[in-house]
Amino acid sequence: MALGGYANRVARIDLTAGTVSYEEINEADARLYIGARGLGVKYLFDNGPTVDPESPENMLAFMNGPLTGSEATMSGRLAVVTKSPLTGTVTDSHMGGWSAARLRWAGFDALLFTGKSETPVYAYVENGTVELRPADDMWGRGVHETVSHYEGRYGQPVSVMAIGQAGENGVRFASIINEDDRAAGRGGTGAVAGSKNLKAVVVKADDSTMPKAADREKWRPVHQRALQTILDSEVTAPRTGGLSVYGTNVLMNPVNALGGVGVRNSQTTQFENVEKISGETVRETLLVGDPTCHACPVACKIEVEIKDGPYAGLKMESLEYEPAWALGANCDNDDPRVIAKLIDQCNDHGMDAIELGNVISMYMEATQREFVSGAGLAWGDTAAMVETADQIATRSGFGSELAEGTARAAAGFGHPELAMTVKGQAVAAYDPRALKGEALGYATSNRGACHLRGYTPASELLGIPVKTDPLEWKGKGELLKIFQDLHAFSDSLDLCKFSAFAEGAEEYAAQYEVLVGIPLTADEVMTAGERVYNLERHFNNLCGFDGKDDSLPERYLKEPGSGPASDSVVELDEMKAEYYAARGWEDGVVPEAKLRELGIIS
């Protein structure tokens, strides 16, 4: 393949046979699905949508895009694509840091794992080769010890993407975590790795092989334009923008003001003690550093150190908005030190902090309503939360039930209505009653409830690209489709989602065109994103998902929120009708005509 940007090298690793083979990227697929998320879903689709997520036949794909590891701003993202053991859908989860860039510098666009090793192994990647090496000595160890072990063995510069005890024990929401505590967090990617006895991927590479545009004169103005949008944005501007100064937790106070912060498993939607867990308070009391990712001037990560209390001396990253809500307000916990401890447990055990917070809050509500036998778990019992997190990761005691995820655990209590989930995955930190675009986004996300598939709070909260009323449902179908398609494209480049606070389709098209060498318009960016989103939906349709699965928990449909959302419930049926019309879908199913229109089938 003659396209720029790509390494044009894919490794297929058969863990059952212990063999590695190499191939080029299919150029037609690269043109249609770009890379990272999009191309990863195509590999998964070709592998067979109906495989059992926990079987050796399931594929675990580590995917880069054509801009990954390049000079493009915010190009340090990697997509892990697989079929989720939590949802049964296709899923992709992205991590930042330096792992993606190093994988590209090591000469790869993709690592495709299938099969199951008889014994624990890790993949060592360097100079265009992949070797499987024994990992028996690290099985049972946490991510932090695993990272330290391989960094010591191979020296710098090295990246380590690993699972902890949660992945080894089949926790359905286990994650893959890298050396910077950045996570491929959602969907159970770590559980798939654990089912394959794959402990880690270790990548040795430096930036001497960084991909660069062949035409430097064309690249400079295109790169400068994209960078300038980041520098000029009130959200992303280095050292002055809210995201740079406070990290993602800058959102805690404004979302709470909208009545959009779920409390006690979303029984109410404004947290009285919100200031205690806000980004402003964390910066004033706990912040010690703000590390960044490859080619990123924003530096949104928040490194904290606990100075007192039972967890004094703990230094960790990153105390972000989503886990601060999930493990904070949603569990009636207003202590940021405990939140930091719990996030660190997630990073070390390898677990999704959003799902963990939701499964704990569900357990707390079940206790409140006397649906559990025994002591259960009381609201705000932080010591018990820390103990429960360990029990989930090791599947000890009742932790084994909670390790099945929020939806399955709630069903186990006989009260599935307590699970704030969609397609089996827990909701994120924006209550749907306060932000109607996000309500529709949760319902129609192809990977289960997710705030990142189409980030409509950019519009509803921040006025990007235009301000819309968060409580108004009309027009949100069309708005969501735009965001979903744009994000599907940027996830395929693979650029950080936060780039979309400043950049748009024109900036993405210009960078792709110069680096890859294919002319591309803004409209074609949106079409490519639409194609990726429809392929994902088609994958799920073949697995039995349709419009009935584009649902929300009944609480959001019948129980109003708090504050500005005190009279608000979600008008889901009306929004779905508008959305399906915009998509050209029939009750959540992609019709054959749409698949042909987008070139998914011929």
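Scoring rules and cut-offs
Position labels on residues start from 1 in each chain and follow its written sequence. In keeping with the model being predicted, local features are shown solely for residues with a pLDDT of at least 70 and side-chain atom pairs are shown and tallied solely at 80 or more, while totals for entire chains, interfaces and linings include all residues. Side-chain metrics in this entry use all non-hydrogen atoms of the structure; hydrogen atoms and water are not considered. Any two strands between which DSSP finds at least two bridges are classified as paired. For the purposes of this entry, the term helix denotes a DSSP run of H or I that reaches at least four residues, the term strand denotes a run of E that reaches at least two, and both are numbered from the N terminus. Lines fitted to C-alpha atoms define the axes, with helix axes restricted to the stretch in contact, and inter-axis angles between N-to-C directions lie between 0 and 180 degrees. By definition, residues are in contact when any of their heavy atoms lie within 4.5 Å. What pLDDT expresses is the predictor's confidence in each residue, scored from 0 to 100. The aromatic pairing rule takes the rings of Phe, Tyr and Trp, using the six-membered ring of Trp, and pairs them if the centres are within 6.5 Å, calling planes under 30 degrees apart stacked, those over 60 edge-to-face and the rest tilted. Exposure categories follow from relative accessible area, calculated using a 1.4 Å probe and restricted to protein chains: below 20% of the type maximum is buried, above 50% is exposed, and the middle band is partly exposed. In plain words, nonpolar cores are sets of buried Ala, Val, Leu, Ile, Met, Phe, Trp, Tyr and Cys residues tied together by side-chain atoms within 4.5 Å. Orientation is classified from the angle alone, with under 35 degrees giving roughly parallel, over 145 giving roughly antiparallel, 65 to 115 giving roughly perpendicular, and any other angle giving oblique. Each residue is assigned to one class: nonpolar for Ala, Val, Leu, Ile, Met, Phe, Trp, Tyr, Cys and Pro, charged for Asp, Glu, Lys and Arg, and polar for all the others, Gly among them.

This paragraph deals with the sheet that holds strand β1 (residues 10-14). Spatial strand order, β2-β1-β6-β3-β4-β5: six strands in an open sheet with mixed pairing. Only two strands of the sheet have a single partner each, and these edge strands are β2 (19-23) and β5 (90-95). For this sheet, the mean angle separating the axes of adjacent strands, direction not counted, is 15°. Taken together, the five bridges between β1 and β2 define a ladder with antiparallel strand orientation. Note on β2: the bridge partner recorded for Ile-13 is Val-20. Helix α2 (residues 36-47) contacts β1, β2, β3 (60-63), β4 (78-83), β5 and β6 (110-114) of the sheet and is inclined by roughly 25° relative to β4.

Of all residues in the chain, 100% have pLDDT values of 70 or greater, and the mean over the chain is 97. Mean pLDDT across the elements of the chain ranges from a minimum in strand β15 (residues 315-317), with 93, to a maximum in β6, with 99.

The next thing to look at is the packing of aromatic side chains. Under the counting rule described, the total for this entry stands at 17 aromatic pairs. With centroids separated by 5.8 Å and ring planes inclined at 20°, the aromatic side chains of Phe-498 and Phe-501 adopt a geometry described as stacked. The pair Phe-498 / Phe-501 is uniform in exposure class, with both members buried. In this structure an aromatic cluster arises from ring pairing among Tyr-321, Tyr-430, Tyr-455, Phe-498 and Phe-501.

By the element assignment, Leu-520 lies in the loop between α20 (505-516) and α21 (522-542). Considering only alpha carbons, one finds Leu-520 and Ala-505, 15 residues apart in sequence, at a separation of 10.0 Å. Setting aside anything within four residues of it in sequence, one finds Leu-520 in contact with Phe-489, Ala-509, Tyr-512, Glu-513 and Val-525.

In terms of nonpolar packing, the biggest core is built from 152 residues, with Met-63, Leu-319, Leu-356, Val-359, Ile-392 and Leu-552 touching the most fellow members. Once residues within four sequence positions are removed from consideration, Leu-319 is found in contact with Asn-249, Val-282, Leu-286, Ile-302, Val-304, Ala-324, Pro-336, Ile-339, Ala-340 and Ile-343. If you look at the next biggest cluster of nonpolar residues, it comprises 31 residues, including Phe-113, Val-130, Ala-193 and Met-210.

On to the packing of helix α4 (residues 143-154) against helix α12 (residues 336-349). In contact at an axis separation of 6 Å, α4 and α12 are set at 55° when each is read in the N-to-C sense. Classified by the interaxial angle, the pair formed by α4 and α12 is oblique. Of the residues in α12, those touching α4 at Val-143, His-144 and Glu-145 are Asp-344, Asn-347 and Asp-348. Its residues assigned to classes, the contact of α4 with α12 shows one nonpolar, two polar and three charged.

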